Amino acid sequence: MNSLLFVTLFEVISLCLSFKPVIYMHGILASSDEVKPIIDLIEKVHPGTNVTTIDAFNGYESLQPLWTQVYKIQSIVVDIMKDHPEGVHLLCFSQGGLICRGLLSVTRHNVDTFISLSSPQAGQYGDTAYLKYLFPHFIKEEIYRYFYTSYGQHWSVGNYWHDPHHEELYRNESVFLALLDNDTNSEHNIEYKENFLQLKNLVLIGGPHDQVITPWQSSQFGFFNGSEDIVEMRQQRFYLQDSFGLRTLDKRKAIHIYTIPDIEHVMWYRDPKVFHCCVKPWLT
Ligand SMILES: *[C@@H]1O[C@H](CO)[C@@H](O)[C@H](O)[C@H]1NC(C)=O
Ligand SMILES: *[C@@H]1O[C@H](CO)[C@@H](O)[C@H](O)[C@H]1NC(C)=O
Ligand SMILES: *[C@@H]1O[C@H](CO)[C@@H](O)[C@H](O)[C@H]1NC(C)=O
Ligand SMILES: *[C@@H]1O[C@H](CO)[C@@H](O)[C@H](O)[C@H]1NC(C)=O
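First, a word on what this report is: a plain description of the structure on this page. Note that the structure is a prediction, hence the values are computed from the model and not measured.

## Observations regarding the overall build of the chain
Along the chain, the regular secondary structure elements total 13 helices and eight strands. The C-alpha atoms of the chain give a radius of gyration of 19 Å, which matches the 19 Å a tight globule of 284 residues would have. In terms of overall dimensions, the chain has C-alpha extents of about 75 × 35 × 30 Å along its principal axes. Across the chain, contacts joining residues at least 24 apart in sequence account for 68% of those joining residues at least 6 apart. Surface exposure of the chain reaches about 13000 Å², of which carbon and sulfur atoms provide 56%. Of the charged side chains in the chain, 22 are positive and 32 negative, and the gap between their average positions amounts to 6 Å.

## Points about the site of ligand 2
Taken together, Glu168, Leu169 and Asn172 are the residues near ligand 2. One of the side-chain nitrogen or oxygen atoms of Glu168 is found 2.6 Å away from a nitrogen atom of ligand 2. A distance of 2.3 Å is found between an oxygen atom of ligand 2 and a side-chain nitrogen or oxygen belonging to Asn172. In isolation ligand 2 offers 360 Å² of accessible surface; the protein chains occlude 33% of this area.

## Some points on the nonpolar core
For soluble globular proteins, the rule of thumb is that nonpolar side chains tend to be buried together. Val157, Trp161, Leu202 and Leu246 are the most contacted members of the largest nonpolar core, which totals 60 residues. Ignoring any residue separated from it by four or fewer positions in sequence, one finds Leu202 in contact with Phe114, Phe196, Phe221, Leu246, Leu249, Ala254, Ile255 and His256. The next biggest cluster of nonpolar side chains, apart from the first, holds 24 residues, and it includes Leu41, Ile205, Ile263 and Trp282.

## Section: the packing of aromatic side chains
Note on aromatic pairs: each is described by the distance of the centres and the angle between the planes. Considering all chains together, one arrives at 18 aromatic pairs under this definition. Taken together, a centroid distance of 5.9 Å and an interplanar angle of 65° make the contact between Phe221 and Phe238 edge-to-face. Of the two residues, Phe221 sits in the loop between β5 (201-206) and β6 (223-224) while Phe238 sits in helix α11 (residues 237-240), which places them 17 residues apart along the sequence. Phe238 gets classed as buried once you look at its relative accessible area, which sits at 5%.

## Considering helix α10 (residues 189-196)
Turning to α10, its buried residues number three or more, namely Asn189, Tyr192, Asn195 and Phe196. Along the long axis of α10, the arc covered by the buried residues comes to 125°, so they all point the same way. Where α10 is buried, its residues contact α3 (66-83), α4 (95-106), α9 (177-180), β5 and α12 (246-251).

## What about the pattern of salt bridges?
All chains considered together, the criterion is met by eight salt bridges. The residue Lys36 makes a salt bridge to Asp40 at a minimum N-O spacing of 2.9 Å. Taken together, the residues Lys36 and Asp40, both in helix α2 (residues 36-45) and four residues apart, mark about one turn of the helix. The salt bridge involving Asp250 is made with Arg234; its shortest N-O contact spans 2.7 Å. Residue Asp250 is located in helix α12, and its partner Arg234 is located in the loop between β7 (230-231) and α11; the two are separated by 16 residues in the primary sequence. On the accessibility criterion, Asp250 (14% relative accessible area) is buried.

What counts and what doesn't
- Residues numbered from 1 in each chain as written.
- Chains lettered and ligands numbered in written order.
- Predicted model: local features only at pLDDT ≥ 70, side-chain atom pairs only at ≥ 80, totals over all residues.
- Heavy atoms only, no water.
- Helix = DSSP H or I, 4+ residues; strand = E, 2+ residues; numbered from the N terminus.
- Rg over C-alpha atoms; globule rule 2.2 N^0.38 Å.
- Contact = heavy atoms within 4.5 Å.
- Areas by Shrake-Rupley, 256 points an atom, 1.4 Å probe, with all protein chains shown as cover.
- Lys, Arg positive; Asp, Glu negative; His and termini not counted.
- Charge placed at Lys NZ, Arg CZ, Asp CG, Glu CD.
- Near = heavy atom within 4 Å.
- Polar contact = N/O pair within 3.5 Å; in protein donor to acceptor, adjacent residues only side chain to side chain.
- Core = buried A, V, L, I, M, F, W, Y, C linked by side-chain atoms within 4.5 Å.
- Buried < 20%, exposed > 50% of the residue type's maximum accessible area, 1.4 Å probe, protein only.
- Phe/Tyr/Trp six-rings, centres within 6.5 Å; stacked < 30°, edge-to-face > 60°.
- Arc of directions from axis to C-beta.
- Salt bridge = Lys/Arg side-chain N within 4 Å of Asp/Glu carboxyl O.

Structure below.
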């Protein structure tokens with residue numbers, strides 16, 4: 001009798017405490033162990049959460065064009081969303097955050113909260129270990145000559161390479177980020193915006209000691225202007241023109257920005273402090 005009562009109560013409590021599923025998208029050149037630290041943290045604080053880590057475009061495959069990645073991953077996440085009509089959360093790291101933005105733009109989704117974990121949302125312009133490793137013969141001032149060609153756009157990094165000294169060429173040639181931002185005046189953007197605005201919350205996490213995302217403010221939609229000064233999100237053209245819904249979300253108080261010092265790029269998904277302050281509160 002007592003144990004029956006206990007089971008029933010337990011079930012009722014579990015139902016009340018049921019957390020929305022989490023879908024995690026990894027970063028560039030990632031291996032599957034990237035995911036483990038953050039999954040462990042989620043499981044510790046919210047046991048029973050259904051966490052799906054996208055097992056696609058691992059390692060070198062992550063260098064494939066971002067639209068290729070978005071549409072393949074869309075076929076995976078759409079099924080998860082259908083199974084969970086109450087909504088899901090997207091937790092996306094670094095390059096993965098741009099894939100998630102692509103998904104949110106082209107999908108009739110039911111994402112409740114999109115957590116963008118140190119992701120170059122306004123683009124990347126910086127010499128990093130990754131870039132030197134992948135393109136040892138280029139320096140950041142010159143690589144636009146390659147990235148802003150149809151060949152260069154076959155690389156994921158080319159899709160969000162944003163050279164502030166070559167804005168016009170960027171708008172002409174970038175087939176991904178410039179399109180999402182409506183820098184190319186495409187007719188798709190009405191639909192992108194409608195889809196993006198299905199979001200309930202947008203959480204932007206980044207910080208000044210990241211060392212990969214350049215400028216680090218890109219993790220919060222800030223970016224360099226032509227003299228490499230930072231123009232923050234609310235002064236960006238795509239914000240002012242509400243090109244994909246950012247300004248509307250902000251008016252709804254749906255954008256939550258966290259700046260955390262002393263976190264290097266590969267620590268964002270490992271550091272319990274980051275998780276507890278800025279990720280956990282949104283995983284409800
Ligand atoms: C988690 O979600 C996936 C995708 O919807 C589903 O296939 C799976 O059965 C779920 N797992 C549990 C333990 O509920
Ligand atoms: C961008 O495209 C326009 C229209 O095709 C062209 O006139 C212009 O020269 C291009 N700009 C650059 C920097 O290539
Ligand atoms: C960049 O922004 C800074 C600070 O707002 C401003 O002084 C500078 O003139 C801007 N540079 C360009 C090229 O727009
Ligand atoms: C995209 O840009 C074009 C041209 O500036 C504009 O007409 C259109 O309304 C913009 N789309 C959105 C969704 O802001």
